[in-house]
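# Topology and contacts: notes
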Amino acid sequence: MSIGSLTGKFKKLQENGAFNILLHPKVIKNRLLYDKELAARPTVMTAQPPGLGIEMTNRCNLACVQCLRSLGLKPYKLGDMDFENYKKILAQFPYAMNIVLNGFGEPMMHRQFFEIVAYTRKTHPWAKIGIYTNGMLIDEEKARASMTCGLTEINISIDAAHPDTYRRVRRGGKLDVLHDNIRRLIKIKRQMGAKFPKIGLNFVMVNENEGELVPFVEQAAEFGVDFINCITFAAYDWGFKNKRTPESYLTELDAARKRMEELGVVCHSFPEVSTRWTDPNRAFSCNFYWGENFQVNYNGDITLGCCTPFKETYSYGNLLETPFGEIWNGEKYRRNRELSRQNISPEAACTSCDEFCKNFFVKPAESNFISINELAVQRSKQPVVK
Ligand SMILES: C[S@@+](CC[C@H](N)C(=O)[O-])C[C@H]1O[C@@H](n2cnc3c(N)ncnc32)[C@H](O)[C@@H]1O
Ligand code: SF4
Ligand code: SF4
């Protein structure tokens with residue numbers, strides 16, 4: 001390991017207050033092995049995923065334009081994670097280091113959300129525990145609970161700088177209410193002298209918010225948040241179509257980067273668009289087959305290991321029915337890893353997924369554009385591949 005990479009790791013531990021990981025050598029050992037395996041992409045994995053996403057609920061109080069759940073997809077049942085089931089699921093990941101309590105839904109709608117965080121902090125004291133939230137529900141009580149439950153990080157999704165845009169993107173929400181919630185959360189954190197959770201704001205670049213990234217950066221500086229994230233929307237073939245040009249993204253991103261530097265705004269996640277979107281021969285590769293940010297749905301289902309929620313079409317198994325080890329190196333995972341290694345898309349959803357960006361800038365008529373809605377229906381009529 002190089003000095004640079006060691007320094008980076010040390011800085012991360014410091015940022016996340018996670019030095020107690022040094023008391024858990026097995027967790028570190030798993031992480032080192034995982035990184036090595038991820039680079040080699042074997043068909044069978046020995047290490048467990050260090051990054052884990054567990055969906056608290058797939059219910060939501062908003063209906064954002066870019067969100068898969070807003071499409072009213074079928075089959076797509078709504079539900080919450082049962083606390084006892086959560087315990088059973090989490091116990092299968094004793095080496096998880098980065099736990100995000102999210103999937104497609106609003107985690108703060110879960111009645112036992114703060115108890116679940118506190119439980120996770122107890123079982124995984126070394127872990128970075130984070131959430132993404134739309135922030136609309138962070139009242140005074142939830143703001144205080146957020147300071148004491150054991151969260152490392154809160155990412156609040158905004159995706160707009162102006163109230164009208166916000167209304168169009170984050171349908172059902174109100175920007176002035178959200179801004180008040182953010183101000184109060186930061187005030188309470190300061191009053192309580194809490195080091196954690198770190199508070200970040202999230203901006204997903206969609207068609208509707210073009211031109212608002214720079215004012216968003218300025219607002220983030222004004223609020224005094226710890227960081228921001230800027231990401232481009234995942235198009236997949238979920239029915240969302242990119243209407244912007246590469247130049248429009250690049251110009252806006254350049255201006256935002258400049259403003260961040262001027263204002264000293266820290267950005268954790270910034271889109272790397274040039275290689276991602278311009279190389280038509282880009283190799284087919286997705287780290288989800290090797291469990292990067294391994295995603296578990298609210299009911300224990302593992303569907304492609306990413307956010308795709310179709311058990312009926314893309315199931316690897318259910319953690320409440322089959323132990324993780326059996327799923328992780330089961331026939332389906334092995335098949336998909338093998339195909340991916342050969343540069344072949346293992347599943348229909350993956351073929352169109354913007355993880356590969358084959359058609360992010362291609363007009364739908366020029367591509368084999370088929371919405372994932374149709375795919376889900378088609379595939380649910382086929383026998384499940386065993
Ligand atoms: C799915 S939401 C769940 C948590 C919470 N409800 C929220 O909005 O933050 C998590 C994050 O994914 C983002 N997201 C939703 N659809 C997306 C897409 N198509 N591409 C990229 N990010 C997306 C949201 O904007 C949000 O920042
Ligand atoms: S708030 Fe989050 S989960 Fe709800 S619709 Fe918006 S992006 Fe999706
Ligand atoms: S290619 Fe896309 S749909 Fe397929 S597993 Fe990866 S992220 Fe999920």
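Above this note sits the structure.
Residues numbered from 1 in each chain as written. Chains lettered and ligands numbered in written order. Predicted model: local features only at pLDDT ≥ 70, side-chain atom pairs only at ≥ 80, totals over all residues.

## Section: the packing of helix H5 (residues 140-148) against helix H7 (residues 175-192)
Their axes nearest at 9 Å, the elements H5 and H7 cross at an angle of 45°. Taken together, H5 and H7 sit at an angle that is classed as oblique. Helix-helix and strand crossings are classified by hand; for H5 and H7 the assignment is right-handed. Listed contacts from H7 to Glu140, Ala143, Arg144, Ser146 and Met147 of H5 are Arg184, Leu185, Ile188, Lys189 and Met192. (Axes fitted to C-alpha atoms, helices over the stretch in contact; angles between N-to-C directions. Helix = DSSP H or I, 4+ residues; strand = E, 2+ residues; numbered from the N terminus. Parallel < 35°, antiparallel > 145°, perpendicular 65-115°, else oblique. Left-handed = near helix turned anticlockwise from the far one by under 90°. Contact = placed C-beta atoms within 7 Å.)

## A few points about the nonpolar core
Ranked by size, the top nonpolar core spans 76 residues in total, and within it Ile99, Leu101, Phe203, Met205, Val217 and Ile228 carry the most contacts. With 5 residues, strand S7 (residues 198-205) is the single largest residue contributor to this core. Phe203 has contacts with Ile158, Asp159, Leu213, Phe216, Ile228 and Cys230, leaving out every residue within four places of it along the chain. (Core = buried A, V, L, I, M, F, W, Y, C linked by C-beta atoms within 7 Å. Buried ≥ 20, exposed ≤ 12 C-beta atoms within 10 Å, placed from the backbone.)

## A short note on the sheet that holds strand S1 (residues 51-54)
As summarised here, the arrangement of the 8 strands in space is S9-S8-S7-S5-S4-S3-S1-S10, forming an open sheet in which the pairing is parallel. Pairing within the sheet leaves two strands with one partner each, and these edge strands are strand S9 (267-269) and strand S10 (294-296). Going across the sheet, the axis of each strand differs from the next one's by a mean of 25°, ignoring polarity. Alignment of strand S3 (residues 98-100) against strand S4 (residues 128-133), held across 3 bridges, turns out to be parallel. Of the residues in S4, the one forming a bridge with Val100 is Gly130. (Pairing = 2+ DSSP bridges.)

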